[in-house]
Structures are given as structure tokens and as C-alpha cells.
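Residue strings, one per chain:
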Amino acid sequence: MELSDWELVQRCQEGEVAAFQELVARYHRKVFMVVLGILNHREDAMDVTQETFFRAYRNIKGFKGGSAFYTWLYRIAVNLSIDFQRRQKRAPVEFKETMDDLIDKGEGTELANHPFTDLQSKELGERLLAAIDELTPDHKAVIVMRAIEGLSYRDIGHILGCSEGTVMSRLHYARKKLQEKLGPYL
Amino acid sequence: MNLLENPLRLTLLFSLWLLLLSGSIDAAEKGQQGVQLNIGTILASNESDDFDAKLSKMNNQLEVIKYSSYRLIKEESQKAPWNGNAAFEIPGGRTLTVIPQEYRNNRLSLKVRLQEGEKPLLDTTVRIRNRGNFLLGGPPHEGGVLILSISATTQ
Amino acid sequence: MKIDCEAIKSSLGAWLDGELSHPEAEQIRVHVQECPACFGEKEQLERLQASLKGALEARASRLAFEPFWDGVHRRILEKSPWRERLWDWVRPAIYPQRLAWAIPVVIVFLLGIISLEQFFPGWRWGSSRSNATTVDSIDGHGLNVAVFRESKTKTTVIWLFENQEDEDESSGESAPTDSSF
């Protein structure tokens, strides 16, 4: 029977690294997507995502279950991403290059089969991520978390430390900006 | 994390804070290398209604003395070490000698002597607030009286 | 009642996200069905959402677990610098999370106030800030002396009276040496 997140956390708090490994397995991809959405750079996103789990492990004893584990995890991820971005201004990597590189290397097998790899979608994705990169970190965070996870405004507010009203207005602003930039492509 | 669950941590931080505090107090006491003394010599008289603008900050203090005119004749500053002399020339052949004795509870203890030539006029020991002042008045001068504003600040 | 399309558009995102109350959501649903412009707007938002999710999923899909876990595990096994470990140990004590923290915080605050004077000499609470001077001893050497206090600033005034009748030094009388006023 699959253990709940809280049961795994309790085992981690007792020092069981295998329990933590299970938590990483459950959330690594989702956290990576959130971080990637904010940083728009694969290597940086990998680094920050690994750091997120490392910090979670180091502070696991401080997690008392007051919120859902994933909320706590995303909070670490978003804070680290925003801090990282502030420290390191980096020009966004062209999505197109990365995709082509992957396919050329033969590592893009999964991608080739992914429904999103047809040319039109690829181009839209490229433009979308570039457009998101022009938003502020706070706006990026809300739009990415909502898109990927379908998190409620309440959960997003808990993660970002703001009210539901603020989440709603940031989402509205971010979507409006993206529509303005990408209108013809949508 | 509830700090009460970790009294060792609380105790350690508290002790560290107290140590820093005691260090700062100690440093503050030892850091007092002497006293900065400021003497303002004021001529008060009833010969006019003029009030020297330089004395505006002392308006309230001088009100009680009930002269109609006040003029700042001179201002002088000296640094005096603890238990060391600082002598100030006062008009009319007078000398004011101030000896800072100690600093305790934000009060500076000063020994003050006013003399005319070699003749002592007044000896007093006062405790004034750090950066505070008191007035010593009465010696006659040029149709009025002299008022000395004596202030002290620890260095 | 004609519903303003601008007002609807501003709530479309929240409606798609399922964050509106039932009456509001119903009102928007009905309007969107009937209004081509708002319907188009809704579809655009849905495409935006789906495209973003798809783009990020595509990028994340090649994230293999094993090498990722190796990276995390390596960080766990590597010793943190002693400064980081010390900070981790100290940090929960600095960031209060429970009301129980109020006790030590209040104690530290009070001690801080008491020690404030070490950093701001002359600073005192309330009435101690008066300019009152204590006269511990006074000797007029035969002259009359008065000590009084100015009421507004509490400044002490020592007044020396040059008594002309008192030129006779043989009187032997000296002004009283008073204890502190």
C-alpha cells in the first residue's frame, strides 16, 4: 500500500533516506517544471531543483505538517528560483536550440513521441516561454504554478505568502500580457 | 520549531547576547577617556533689553534670573582627563577650575572652583547629567553680573 | 440586463480556474455561450494554459530520475560548510514560529532597552531626562550662596552674592556647606 506524503515525511524525520528518495521520485518532475518556468534555463533549473530537495531534506525535521508537503516544497522551490534569478541575470536560452540539440543527440525520443513536438506547438511553446521570461518573478511563479499544477489560488497564496486576491490579480495581469504578446499565435 | 523544545539552544543564544551586552557595557565604561567641558560666559544686566541670539537655546534657563539683557561674552571648550584640571579664564581676573571626578549612572561628578586671583570665591561639587549643564552666576562685571553656563560630556 | 464584456473578460481567468462563486460562475457561463467575443477570449485563455503546460511538460519529460536523485543524494552526503550547519542550528531560534517565543523575545527586548543607554549616552526614560543637577557640597568662602532650580528645564542655578558688608574676614563665618540638594 502506497504511503502518504506525511507518512514518508515522518520516516525521513527519523533518518530514513529511502523515504526521502520516494518523495523526490514523486515530486521531482513537477518541481522541475515550476522552476524551469521561472528560470527558463535547463541547467539552472536542474541545479535549483536539486537544491530545493536538498534544502527540504536538511529542514525536514522542521516540517510539522501544518500545510501539505508539496506546498512546503514548492515554497522552497519558488523562493530559491526567485533568489537565483535576482542574483544571476541570464539571457534566456532559445527554446528552439535546446529542442534541436536534444533531438540531434538522440535523447529526444520521448520528446519525439510527445504530442507537443509538432512544429506549430513547438514554435508556440518557444514564444510562450520567451514571453513568460519577460514577466516579473512573482508573475511567472503564479502563472506557472497554475498552469502546471492547477493549484488553487489559496494554495498558490500560501506558497508565495500572499492573499488569494493578489494571486488573482497577478494571474490576470500575466495572462493579459501574454495574450498581448502572443495574440496572433494563440 | 518551538524553541521551548530546545532549551539548550535558547540558553546558548541568551548567554551569547548577555556576553555581548556585558562586553559593550564594559567597553562603554572603559571608553570614557575624559570629559569635554564647555563654559559659556554670559553678561546679564538691566542696562538694555537686548537678548543675544546666540543664547536662544538658553532662553528658558535664563528666564528665572530676571535680568533684561543677556550677552554671550565668550565660549570656551577644554578636554579634561578624569581627576585632571581644566582652568578657564573668566572676566574680572577670575578663574574657573573644573575637575571631572567620576561618571556613574549617567551623572558626571564635577568639582568646581571659582576664584578671583588667588582668593577662592566658591567651591562646589555637583553631579550633572551627561551633556547637561548648570548655571553659576553672581560675580559683578561691567554694570551687570556674570553667569557661567557649565556643561560636560563624557568622551 | 446587458453584462459588460470587459467585466466578464476580467473574470474569465478566475472562472476557468474554478475560483468563482456558483452564481458568478453561472452568469459568466451563460454569457460566454452567447457572446462570440468572450467565447473567443475564453478559448484563447484555454490555449494559453494548455500550451504552457505542454511546453513545460515536454521539457521536463526527459528528466530521468536516477541521475537527478544522484545529484540530490550527493548534496546530502557532502558535508555542509560549518557556517551553514551553524546557521541551520541557530535559524529556528531566530525566526519565531510560536507564541511561546514571546517570553524570551520580551526579555531580550527589555534588556536591550536597558542597555540602550550604552549606545546613546544621555538618553533616558521620562523624568530622568531633566537637567537637574545635584549639589553635593558647596562652600561660598564667606559669601552668601543660593541654589535654586529653574522650573521649565529643571536647570540648577548656583548664585553667589558678593556681600559688601562681609569684607571683614575676621567674622569667621563661612557659608554653610550643605549636603546634596
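Residues numbered from 1 in each chain as written. Chains lettered and ligands numbered in written order. Predicted model: local features only at pLDDT ≥ 70, side-chain atom pairs only at ≥ 80, totals over all residues.

1. Here's the deal with the overall build of chain C
Next up, step 1: In terms of helices and strands, chain C carries six helices and three strands.
Next up, step 2: In chain C, the order of α-helices and β-strands from amino to carboxyl end is α-α-α-α-α-α-β-β-β.
Next up, step 3: Residues classed as buried in chain C amount to 17% of the 181 residues present. (Helix = DSSP H or I, 4+ residues; strand = E, 2+ residues; numbered from the N terminus. Buried ≥ 20, exposed ≤ 12 C-beta atoms within 10 Å, placed from the backbone.)

2. So, the overall build of chain B
Next up, step 1: Counting its regular elements, chain B contains two helices and eight strands.
Next up, step 2: Along chain B, from the amino end to the carboxyl end, the secondary structure elements read α-β-α-β-β-β-β-β-β-β.
Next up, step 3: The buried share among the 155 residues of chain B stands at 31%.
Next up, step 4: Look at the contacts in chain B between residues 6 or more apart in sequence, and 47% of them connect residues 24 or more apart. (Contact = placed C-beta atoms within 7 Å.)

3. Side note on the pairing of strand 3 (residues 86–90) of chain B
All names here are of chain B.
Next up, step 1: In strand 3, alternate side chains face the same way, and those of Ala86, Phe88 and Ile90 are buried while those of Ala87 and Glu89 on the opposite face are not.
Next up, step 2: In terms of strand pairing, strand 3 meets strand 4 (residues 94–104) through five bridges, oriented antiparallel. Among the inter-strand pairings, Ala87 is bridged to a residue of strand 4, identified as Thr97.
Next up, step 3: The hairpin formed by strand 3 and strand 4 contains three residues between the paired strands, and Gly92 there has a positive phi angle of roughly 90°. (Pairing = 2+ DSSP bridges.)

4. Digging into the nonpolar core
Next up, step 1: The biggest cluster of nonpolar side chains holds 62 residues, and the ones touching the most others in it are Val34(A), Val35(A) and Met145(A).
Next up, step 2: Setting aside residues no more than four positions away along its own chain, Met145(A) makes contact with Val34(A), Tyr74(A), Leu151(A), Ile156(A) and Ile159(A). (Core = buried A, V, L, I, M, F, W, Y, C linked by C-beta atoms within 7 Å.)

5. Some points on the sheet that holds strand 1 (residues 134–139) of chain C
Next up, step 1: The strand order 3(B)-4(B)-5(B)-6(B)-1(C) describes an open sheet built from five strands, whose pairing is antiparallel. Of all the strands in the sheet, just strand 3 of chain B together with strand 1 of chain C have a single pairing partner and so form its edges. Along the sheet, successive strands turn relative to each other by an average axial angle of 20°, direction set aside.
Next up, step 2: Summarising the sheet, strand 4 of chain B and strand 5 (residues 107–116) of chain B pair through ten bridges and their orientation is antiparallel. From the neighbouring strand, Pro100(B) faces strand 5 of chain B, where its bridge partner is Leu110(B). (Axes fitted to C-alpha atoms, helices over the stretch in contact; angles between N-to-C directions.)

6. Quick look at the packing of helix 2 (residues 17–39) of chain A against helix 3 (residues 42–58) of chain A
All names here are of chain A.
Next up, step 1: Contact pair helix 2 / helix 3: the axes reach a minimum separation of 9 Å and the direction vectors enclose 140°. Taken together, helix 2 and helix 3 sit at an angle that is classed as oblique. The way helix 2 lies across helix 3 gives a crossing that is right-handed. For the pair helix 2 and helix 3, the contacting residues are Phe20, Val24, His28, Val31, Phe32, Val35, Leu36 and Leu39 in the first and Arg42, Asp44, Ala45, Val48, Thr49, Thr52, Phe53 and Tyr57 in the second.
Next up, step 2: By residue class, the composition of the contact of helix 2 with helix 3 is eleven nonpolar, three polar and two charged. (Parallel < 35°, antiparallel > 145°, perpendicular 65-115°, else oblique. Left-handed = near helix turned anticlockwise from the far one by under 90°. Nonpolar A, V, L, I, M, F, W, Y, C, P; charged D, E, K, R; others polar.)

7. Here's the deal with the packing of helix 3 of chain A against helix 4 (residues 65–77) of chain C
Next up, step 1: Packing of helix 3 of chain A against helix 4 of chain C brings their axes to within 9 Å, and their N-to-C directions diverge by 45°. In this view, helix 3 of chain A runs oblique relative to helix 4 of chain C, as classed from their interaxial angle. Crossing geometry of helix 3 of chain A relative to helix 4 of chain C is assigned as right-handed. Together, Gln50(A), Phe53(A), Phe54(A) and Tyr57(A) of helix 3 of chain A and Phe68(C), Gly71(C), Val72(C), Arg75(C) and Ile76(C) of helix 4 of chain C make up the contact between the two elements.

8. A closer look at the sheet that holds strand 1 (residues 35–45) of chain B
Next up, step 1: Taking strand neighbours across the sheet as the criterion, the six strands line up as 2(B)-1(B)-8(B)-7(B)-3(C)-2(C) in an open arrangement whose pairing is mixed. One side of each edge strand has no neighbouring strand; the edge strands of this open sheet are strand 2 (69–80) of chain B together with strand 2 (144–149) of chain C. Direction aside, the axes of adjacent strands within the sheet are offset by 20° on average.

9. A short note on unusual backbone geometry
Next up, step 1: Unlike most non-glycine residues, Lys66(B) shows phi in positive territory, near 65°.
Next up, step 2: Here Lys66(B) shows up in the loop between helix 2 (59–63) and strand 2.
Next up, step 3: You can call Lys66(B) exposed: it has 8 C-beta atoms within 10 Å.
Next up, step 4: In the Ramachandran plot, His141(C) falls in the positive-phi region, its phi being about 50° despite a non-glycine side chain.

10. Notes on the confidence of the model for chain C
All names here are of chain C.
Next up, step 1: Here chain C shows a mean pLDDT of 76. Residues at 70 or above account for 69%.
Next up, step 2: Low pLDDT, under 50, characterises residues 165–181; the predicted model gives this stretch 25 contacts beyond four residues in sequence or across chains.
Next up, step 3: Confidence estimates for the predicted assembly give a pTM of 0.49 and an ipTM of 0.81. (pLDDT = per-residue confidence, 0-100.)

11. Focus on helix 3 (residues 36–60) of chain C
Next up, step 1: With 25 residues, helix 3 of chain C extends 36 Å from end C-alpha to end C-alpha; this agrees with the ideal 36 Å at 1.5 Å per step.
Next up, step 2: Among the residues of helix 3 of chain C, those classed as buried are Lys42(C), Leu45(C), Leu48(C), Ser51(C), Leu52(C), Lys53(C), Gly54(C), Ala55(C), Leu56(C), Ala58(C), Arg59(C) and Ala60(C). (Expected span 1.5 Å × (residues − 1).)

12. Digging into the environment of Gly140(C)
Next up, step 1: Following the sequence through the fold, Gly140(C) ends up in the loop between strand 1 and strand 2.
Next up, step 2: Linking Gly140(C) and Leu160(C), residues 20 residues apart in sequence, is a C-alpha distance of 7.4 Å.

13. Side note on the environment of Trp69(C)
Next up, step 1: Tracing the chain through its elements places Trp69(C) in helix 4.
Next up, step 2: Its 17 C-beta neighbours within 10 Å are what place Trp69(C) among the partly exposed residues.
Next up, step 3: Residues contacting Trp69(C), with those up to four places away along its chain left out, are Gln21(A) and Val24(A).

14. So, helix 4 (residues 69–87) of chain A
Next up, step 1: With 19 residues, helix 4 of chain A ought to run about 27 Å at 1.5 Å a step, and its terminal C-alpha atoms sit 27 Å apart, in line with that.
Next up, step 2: Those residues of helix 4 of chain A hidden inside the fold are in contact with helix 2, helix 3, helix 8 (137–149) and helix 9 (153–160) of chain A.

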